[in-house]
Amino acid sequence: MAKKDILLLAGDGIGPEIMEEAKKIISWFNKNKKLEIEISEELAGGISYDENGTPLTDQVLYKAMDSDAVLLGAVGGPKWDNLEFSKKPERALLRLRKEMRLFANLRPAICFSELVSASSLKAEIISDLDILIVRELTGGIYFGEPRGIEPIENGERKGVNTHTYTTKEIKRVAKVAFDLALKRNKKVTSADKSNVMEAGQLWKEEVQALYDENKAYKEIELSHMLADNCAMQLVRNPKQFDVIVTDNLFGDMLSDEAAMLTGSLGMLPSASLSEKDKNGRIRSMYEPCHGSAPDIAGKGIANPIAMILSFAMALKYSLNFDKESELLESAIKLVLKDGLRTADIMEDGKKNVSTSDMGDAIVAKLELQK
Ligand code: IPM
Ligand code: MG
């Protein structure tokens, strides 16, 4: 089996704690399933700023580009809130996404049956929920130019950001959504604000055009939904959705919302993928959708499941270990079935465990299924 290089960027806040648990899982697979995953660890985010004066050094960026996959914990925290924009921890993440050209961000919101009552929504609304948000990740208002804060008259200032999308940017992410829908329930909802933004109108037209041009997509049911309505429908009747494709900013918001349908933001993994290069190789980064949670950092109570599920996505999308990925997912289900819960998903009658207990329990279930 070919050797695979994975770069770990634990980052800030709870990042290092949840990454520790992912490392336990990686070493279990290396030892027991003969996967030759070689890991290396580098700094990114606030911790890199403290050490190197920048949230991401060029050297770490190049290493990320060369690796078979990047696993990222989380970046940011109040300590770095007042830094100038280019030094903020979040720039590490955004630079990695942009420079690695990770335009397709897959955020699956799956409600494990064991957690239906952990959600703030009624059980019947979310039981068996399985939706996938495909978020565009390298365009839109996150990266558009011009941007900045500039002085205007009367001592006032003006903040500027630009929302742009091109045909190519829209169609390549829509293609990812359609291709994934073909392997799922064959329903795509494209969310935009075509009623107020030209870039939104273009989004809608290009998604429709790609659909109309491809016979293979005929079996898919495509609908367009205004993003505000989509936010409402997600809590009203989330099971109407299969794949939601949307832009960078709406995808950010809709995926946080979708996370809560699964019981906790601590359960939602993500994969960010590039196009294939000439050699058929893709670049990729895997990270939980949640942030660095500075309020609970260092307490050993964070939920490592989104991080571990992100590694399961890496096994599937970057390393071609589908069976191993399923094995890991089923180990997580078994642990939840046993009633083990970190604080964020804790309920009466369940066993409250620490971050590292949760990681150990998942490893124990892998052992059982060996
Ligand atoms: C996410 C996060 C990031 C984003 C932040 C940390 C820059 O919220 O991955 O959803 O806005 O994309
Ligand atoms: Mg977000």
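Structure: above.
Residues numbered from 1 in each chain as written. Chains lettered and ligands numbered in written order. Predicted model: local features only at pLDDT ≥ 70, side-chain atom pairs only at ≥ 80, totals over all residues. Heavy atoms only, no water.

(A) Examining empty space enclosed by the protein more closely. Enumeration over the complete set of coordinates arrives at one cavity of 30 Å³ or more. The space that makes up the largest cavity amounts to roughly 40 Å³. His 163, Tyr 165, Ala 191, Asp 192, Lys 193, Ala 199, Gly 200, Trp 203, Asp 247 and Phe 250 are the residues that line the largest cavity. Looking at the lining of the largest cavity, the elements with two or more residues in it are β8 (187-192) and α7 (198-213). (1 Å grid on protein atoms, 1.4 Å probe; cavity = no way out; pocket = protein on both sides within 12 Å on 5 of 7 lines; lining within 4 Å. Points joined across faces, edges and corners; volume = space filled by probe spheres on them. Helix = DSSP H or I, 4+ residues; strand = E, 2+ residues; numbered from the N terminus.)

(B) Representation of the packing of aromatic side chains within the structure. Counted according to the given criterion, the structure contains five aromatic pairs. Summarising the aromatic geometry, the rings of Tyr 165 and Trp 203 are spaced 5.2 Å apart at their centres and angled 70° between planes, so their arrangement reads as edge-to-face. One end of the pair, Tyr 165, is in the loop between β7 (157-162) and α6 (167-182); the other, Trp 203, is in helix α7, and 38 residues separate them in sequence. Residues Tyr 165 and Trp 203 agree in their burial class; the two are buried. Taking 5.8 Å as the distance between ring centres and 40° as the angle between the ring planes, the aromatic pair formed by Phe 178 and Tyr 211 counts as tilted. Linking Phe 178 in helix α6 with Tyr 211 in helix α7, this pair joins segments that are 33 residues apart in sequence. A residue is classified by how much of its surface remains accessible, and Phe 178, at 0% relative accessible area, is buried. (Phe/Tyr/Trp six-rings, centres within 6.5 Å; stacked < 30°, edge-to-face > 60°. Buried < 20%, exposed > 50% of the residue type's maximum accessible area, 1.4 Å probe, protein only.)

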